[in-house]
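Residue-level structural notes
Next come the chains, spelled out residue by residue.
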Amino acid sequence: MLNNRGSSFVVTIQGTSVIKIFILLFALLLMIFSISGLLTSLDPEYRFKSSSVNNVTTNINGKLLYQLIGWENHAFLESLPENEPVPKLSNTFFQVSTNVNLDDPRSLLGRELPGFSLFDGKILIAGEGTNYTNLPIESAPPMEVLKIEHEASLQNIEDIESEGPDESASPPLTTGDRKMVYIYFSHTRESFLPYLKGVTDPNKAHHSKINVTKIGDHLKQKLESLGIGTVLDKTDVMTNLNKKGLSYGRSYDESRNVVEAAVSANRDLTYLIDIHRDSRRKKDTTKEINGKSYAKLAFVIGAENPNYEKNLKLANDLHQKLEEKFPGLSRGIIEKKGSHTNGKFNQDLSGNAMLVEFGGVDNTFEELNRSADAFAEVFSEIFWDAESVNGEMKVPAKEY
């Protein structure tokens, strides 16, 4: 009797457990279908999307992921440097859940302050002194400044014309008749305060004659002295905008027409360089190297174009070589994307396109030309390495 009652009790217990399991499974399925129905019934702007998940995962860096894997398989931790700090999951959870990065002050108020998105950007590679408080600024000038009749008077222009590269010696390698590099200017009239009489506002540092195109003159001469055929296009984009009644924000659309026409006419033009100058002040845009003052360089990459990876690789190669030869000259690589910026900067037109910020509003052409020489030097090394791989190098004929 005891055994029978014991067996009945066990059967009853097992039966109750099975019923509970079925109830739990039913409740789980009901919850899943309810949540799925709720999510699909939400307005599109509130639904979860792959982009939302991607935005969250961008807050989880590779080092943290490596540490997490290492906690499960300790062999991974052996390859980490000694005294490697253990990531704090509380900080990561806070950053993922709130989208606030305590190392980036812009994330606290960036979405709330009108116009703050103009300063937005992501540091892909930080050069010396580069952080989120001194990213390159692309500020639109007042409309009256864009009118030639309202230009400031010039000063110190006797110091502008500097001695160019020595063109008497033949370069060891040359592209011959092929023009490979195309230099242009989306913001043609970006100028420099030392040459504008009575102007102290960085937003008003614009001029039709003394501007970033002077950097292009020097860079073209230097590249050609290194055997690289170069086209310099000084089309005044601002004049075209004024004629068409377009705003300053349409500069890249207008320069795009110029670039497309050039590359269509000459298929050899594969390196596209858009030269700008930053609105930052001298402390952020100047570097002393071996006792000489240089205007610092910054590379801006548009993330919304199919050539993003190729353009990023070229910018990274240039940054790394500048770090080797001219430490501290490069401010690094900044990524731009989103509704408040262009996102392409014409870099979808070539896998070798770049936007380079040469110095800031306080730099002089003496400093800018030194930086142009440094840029040309490292660019030529990368260029000829690529040409040797492609078998396109040409040695100049010997003179007898």
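Presented here is an overview of the structure given in this document. All figures in this text were calculated on a predicted structure; none of them were measured in a lab.

Criteria and thresholds
- Residues numbered from 1 in each chain as written.
- Predicted model: local features only at pLDDT ≥ 70, side-chain atom pairs only at ≥ 80, totals over all residues.
- Heavy atoms only, no water.
- Helix = DSSP H or I, 4+ residues; strand = E, 2+ residues; numbered from the N terminus.
- Contact = heavy atoms within 4.5 Å.
- Areas by Shrake-Rupley, 256 points an atom, 1.4 Å probe, with all protein chains shown as cover.
- Core = buried A, V, L, I, M, F, W, Y, C linked by side-chain atoms within 4.5 Å.
- Buried < 20%, exposed > 50% of the residue type's maximum accessible area, 1.4 Å probe, protein only.
- Lys, Arg positive; Asp, Glu negative; His and termini not counted.
- Salt bridge = Lys/Arg side-chain N within 4 Å of Asp/Glu carboxyl O.
- Polar contact = N/O pair within 3.5 Å; in protein donor to acceptor, adjacent residues only side chain to side chain.
- Pairing = 2+ DSSP bridges.
- Axes fitted to C-alpha atoms, helices over the stretch in contact; angles between N-to-C directions.

1. Brief notes about the overall build of the chain
Looking only at helices and strands, the chain features eleven helices and nine strands. The long-range share in the chain, meaning contacts at least 24 apart out of those at least 6 apart in sequence, stands at 77%. When the accessible surface of the chain is split by element, carbon and sulfur atoms take 56% of a total near 22,500 Å².

2. Observations concerning the nonpolar core
If you look at the biggest cluster of nonpolar residues, it comprises 45 residues, and the most contacted ones within it are Ile-215, Ile-275, Leu-318, Phe-358, Phe-375 and Phe-379. Put simply, the parts of the chain that give this core at least two residues each are strand S2 (181–184), helix H6 (213–225), strand S4 (271–276), strand S6 (292–295), strand S7 (297–302), helix H10 (308–325), strand S9 (352–358) and helix H11 (365–390). A total of eleven residues in this core trace back to one element, the largest contributor, which is H11. Those residues in contact with Ile-215, other than ones at most four positions away along the chain, are Phe-192, Ile-275, Phe-358, Phe-365, Leu-368 and Ala-372. Membership of the second largest hydrophobic core comes to nine residues, among which are Tyr-182, Val-258, Ala-262 and Ala-353.

3. Looking at the side chain of Glu-190
The residue Glu-190 is located in the loop between S2 and H6 in this model. An unpaired buried charge is present at Glu-190: no salt bridge exists, and Arg-277, the closest side chain of opposite charge, is 4.2 Å distant. In terms of polar contacts, Glu-190 uses its side chain to reach the side chain of His-187, at 3.2 Å.

4. Digging into the sheet that holds strand S8 (residues 330–336)
The seven strands lie next to each other as S1-S8-S7-S9-S4-S2-S3, forming an open sheet whose pairing is mixed. In this open sheet, the two edge strands, each paired with only one partner strand, are strand S1 (122–126) and strand S3 (230–232). The average angle at which neighbouring strand axes cross in this sheet is 25 degrees, direction not considered. One ladder, built from six bridges, connects S4 with S9; its direction is parallel. Looking across to S9, one finds that Tyr-271 is bridged to Asn-352. Each of S2, S4 and S9 touches helix H8 (residues 251–265); the most contacted strand, S2, lies at about 155 degrees to it.

Distances and angles like these do not, on their own, reveal function.
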